[in-house]
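Fold and geometry: a report
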Amino acid sequence: MASGTDVRARAAEPARTPATPRRRWLVPALLVAGWLAGVAWRMWLARHVALPIAHTDEDSYLNTARALAGGPGGFSSENGPLRRVGYPMLISPAFLGERDFTDSYRLVQLINAVANAAALPLAYLLGRRLLGLRRSYALVAAAVAATLPATAFYAQVAMIDAVLAPLVLAWMLAVHRWVSRPGPLAAVAVGTLVGAFHLLHSRGLVIVGVHAGLVLLLFARRRVDAAQVLAAVLPVLALALVNEAGIRWLGDRVYLLGNPPGGGTVRAVASGQGLLRLGAAVATQLWYLVVITFGLAGIAWATAVRELRRPQRDAAVRWTLGVALVTSIGVAGGASVILAGITSKPLDAIYGRYVQMLAPFWLLVGAGVLLTATGRVLLRRAAVAVGLLAAGAALIAARLAYVASRGHELRYGGFGAPDLMALTGGWREFRPFTGAAVGVAGCLLLVAAARRPRLGAPVLAALVLVNVATMAVITDRLVRPMSAATAPTPRVADLGVRPGERVYASTGVHYILRFNLSHQVTWTDVRWFTDRPPTAADVVFTRWAPGEPDDWDGTRYGFVRLGGNPDQHWAAWRRA
């Protein structure tokens, strides 16, 4: 990672004897064991989540996956221009055959866990190849990156974010390999990973743009030839066609509820005030990355900027860090523009979901600097991180105060930044100065420990315990209550609703309960109605609110109540 005067002096290693078979397989065995442990840990974290809690994103992915597996369709909250089918394709095997929805959902969580836990071996390879860390350091840093809540949180729900963090690590590995040793196979690998981003999520548009710039620059600098340009571009086009083919194959079995971005998005940012709001939102997301990595992202950014100004240094490292920097700013900016255009809801105080996939990479780079840089260099990098944390907190506090003075409020929810909530105790309010204090304290502790070579790796390893504890707090304070509040009881099957019956749901039922009731009807697409049930309906889910004006009386339409839950305000009725 660093070289020359930036690297702490190391004692010369003794001459190595040829590795025995046992020693040769030690690191691969540790990585496999760590990956399996990561899968088990993620499944254990997901034990409380038997039905979706992240609505309406989960519902959209699950409905599309079921349709791709040959089952009934449903709605999607996506819009046409930003529609992607990559993640539903990945989880669609969970819906093959006839099984209860909760069983399919567990299989989705298993697929997520398997993919998400791959962050460990990928992070190790990055530590070795990009950062030049010794094996023990690379293993410790990889464990921290793989257990980071920003990496692991979404593995327990049916969200695309479960696979994006490992994909970022794989992409950075491929970019580094292509620049260091150009060749057609390396170009194809980079192009395929970029195409996978595009197939998976609209954030892939930023990745595709960065990829196009990278390919053009490498070609202009004569680092790659025309054949490699084609090899890097064709996989992106091929996977874009796969996305279109999947959409056409689905037809109207999955109907879209989202509104395409248009004039509202342009109006939200096409003014001086709009640009200020956009800049504040981007800065908030980037500040968030520095906090949740305990300053390591800030150290990494300072190092990356310095590396870009040193043309005599390792070209592959410079190009890779440059790609990562542009991607980070592009993703934060693109997400802020799209969110600003959603005028039907208040703006978010923070929405870190879109940049979370970048956190493990920047943590790794920061850890590489922490473990290899000289004391003076490390202190300068840490000073940058502390400055970013302090300035970011002041900016965010000023933004919150300004919005409050205008009589408005910014939205603050559980999926905006769950790890920040846990680290600051800010479950109901955004605490930027507390976040800055956590980041500064963690950064200074890490830097102080790193100045003593024997303490650097152990203190970094302690972050694994911090990550695991943070995830436990998130599970206890956020995931479990959300799961309990959004699970309708009793189950649909316990009410006697049978496969083959045509089922509809009233919009009078709270949308979260309505969606989770509908998921349990695995044999048909549950459509919605307002008051009068469709003539084709055999069973309907409606509002049950005794004594209230909107209590639905099915006897007027020839239905008999099967049961339900008046406390949750829903009931199931069957046509008599």
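Definitions and limits used
- Residues numbered from 1 in each chain as written.
- Predicted model: local features only at pLDDT ≥ 70, side-chain atom pairs only at ≥ 80, totals over all residues.
- Heavy atoms only, no water.
- Axes fitted to C-alpha atoms, helices over the stretch in contact; angles between N-to-C directions.
- Helix = DSSP H or I, 4+ residues; strand = E, 2+ residues; numbered from the N terminus.
- Parallel < 35°, antiparallel > 145°, perpendicular 65-115°, else oblique.
- Left-handed = near helix turned anticlockwise from the far one by under 90°.
- Contact = heavy atoms within 4.5 Å.
- Nonpolar A, V, L, I, M, F, W, Y, C, P; charged D, E, K, R; others polar.
- Patch = residues over 30% accessible without salt bridge, like charges linked within 9 Å, V, L, I, M, F, W, Y side chains within 5 Å.
- Areas by Shrake-Rupley, 256 points an atom, 1.4 Å probe, with all protein chains shown as cover.
- Salt bridge = Lys/Arg side-chain N within 4 Å of Asp/Glu carboxyl O.
- Lys, Arg positive; Asp, Glu negative; His and termini not counted.
- Charge placed at Lys NZ, Arg CZ, Asp CG, Glu CD.
- Expected span 1.5 Å × (residues − 1).
- Buried < 20%, exposed > 50% of the residue type's maximum accessible area, 1.4 Å probe, protein only.
- Arc of directions from axis to C-beta.
- 1 Å grid on protein atoms, 1.4 Å probe; cavity = no way out; pocket = protein on both sides within 12 Å on 5 of 7 lines; lining within 4 Å.
- Points joined across faces, edges and corners; volume = space filled by probe spheres on them.
- Polar contact = N/O pair within 3.5 Å; in protein donor to acceptor, adjacent residues only side chain to side chain.
- Pairing = 2+ DSSP bridges.

Section: the packing of helix α10 (residues 184-200) against helix α11 (residues 204-220)
For the pair α10 and α11, the least separation of the axes is 7 Å and the interaxial angle reads 150°. The orientation of α10 with respect to α11, classified from their angle, is roughly antiparallel. Considering the relative orientation of α10 and α11, their crossing is left-handed. Where α10 abuts α11, its residues V190, G191, V194, F197 and H198 lie against G204, L205, I207, V208 and H211. Residues that form the contact of α10 with α11 fall into these classes: 6 nonpolar, 4 polar and no charged.

Remarks on a positive patch on the surface
Together, R306, R309, R376 and R380 make up a region of like positive charge exposed at the surface. Within the secondary structure, R309 sits in the loop between α15 (296-308) and α16 (315-340).

Looking at α11
With 17 residues, α11 extends 24 Å between its outermost C-alpha atoms, agreeing within 8% with the 24 Å of an ideal straight helix rising 1.5 Å per residue. Taken residue by residue, α11 has G204, I207, V210, H211, L214, V215 and L218 as its buried positions. The buried side chains of α11 occupy one side of the element, clustering within an arc of 140° when seen end-on. Exposed residues pointing more than 90 degrees away from the buried face of α11 are listed as L216 and A220. In this structure, the buried side of α11 is in contact with α9 (161-180), α10, α12 (226-250) and α16.

Things to note about the layout of surface pockets
Each pocket or cavity is described by its volume, and for the second largest pocket that value is around 810 Å³. Lining the second largest pocket we find 31 residues, and of these R277, L347, R399, V403 and L410 sit closest to its centre. Of all elements in the fold, only α14 (272-292), α16 and α18 (375-405) reach the threshold of two or more residues within the lining of the second largest pocket. In terms of residue count, the dominant contributor to the lining of the second largest pocket is α14 (9 residues). Classifying every residue of the lining of the second largest pocket gives 18 nonpolar, 7 polar and 6 charged.

Regarding the packing of α11 against α12
At a minimum axis separation of 10 Å, α11 and α12 run at an interaxial angle of 175°. The angle between α11 and α12 falls in the class roughly antiparallel. Judged by residue contacts, V208, H211, V215 and F219 of α11 engage A226, V229, A232 and V236 from α12.

So, the side chain of T293
Its location among the elements puts T293 in the loop between α14 and α15. On the accessibility criterion, T293 (0% relative accessible area) is buried. Within the structure, T293 has its side chain in polar contact with the backbone oxygen of L289 (distance 2.7 Å). A polar atom in the side chain of T293 sits 3.0 Å from the backbone nitrogen of A297. For T293, the contacting residues outside a window of four places in its chain are L148, A359 and L363.

Some thoughts on the environment of N243
Summarising the element assignment, N243 is placed in helix α12. The buried category is assigned to N243, whose relative accessible area is 1%. With 52 residues separating them along the chain, N243 and G191 place their C-alpha atoms 15 Å apart. A distance of 3.2 Å separates a polar atom in the side chain of N243 from the backbone oxygen of R83. A distance of 2.9 Å separates a polar atom in the side chain of N243 from the backbone nitrogen of V85.

Here's the deal with the sheet that holds strand β3 (residues 503-506)
What the 5 strands build is an open sheet, ordered β4-β3-β5-β7-β6; its pairing is mixed. Here the strands that pair on one side only, and so sit at the sheet edges, are β4 (527-529) and β6 (559-565). Averaged over all adjacent pairs, the angle separating strand axes in this sheet is 30°, with direction ignored. As paired elements, strand β5 (residues 539-542) and strand β7 (residues 570-575) share 4 bridges and run antiparallel to each other. Across the sheet, the residue bridging to V539 is R574, located in β7.

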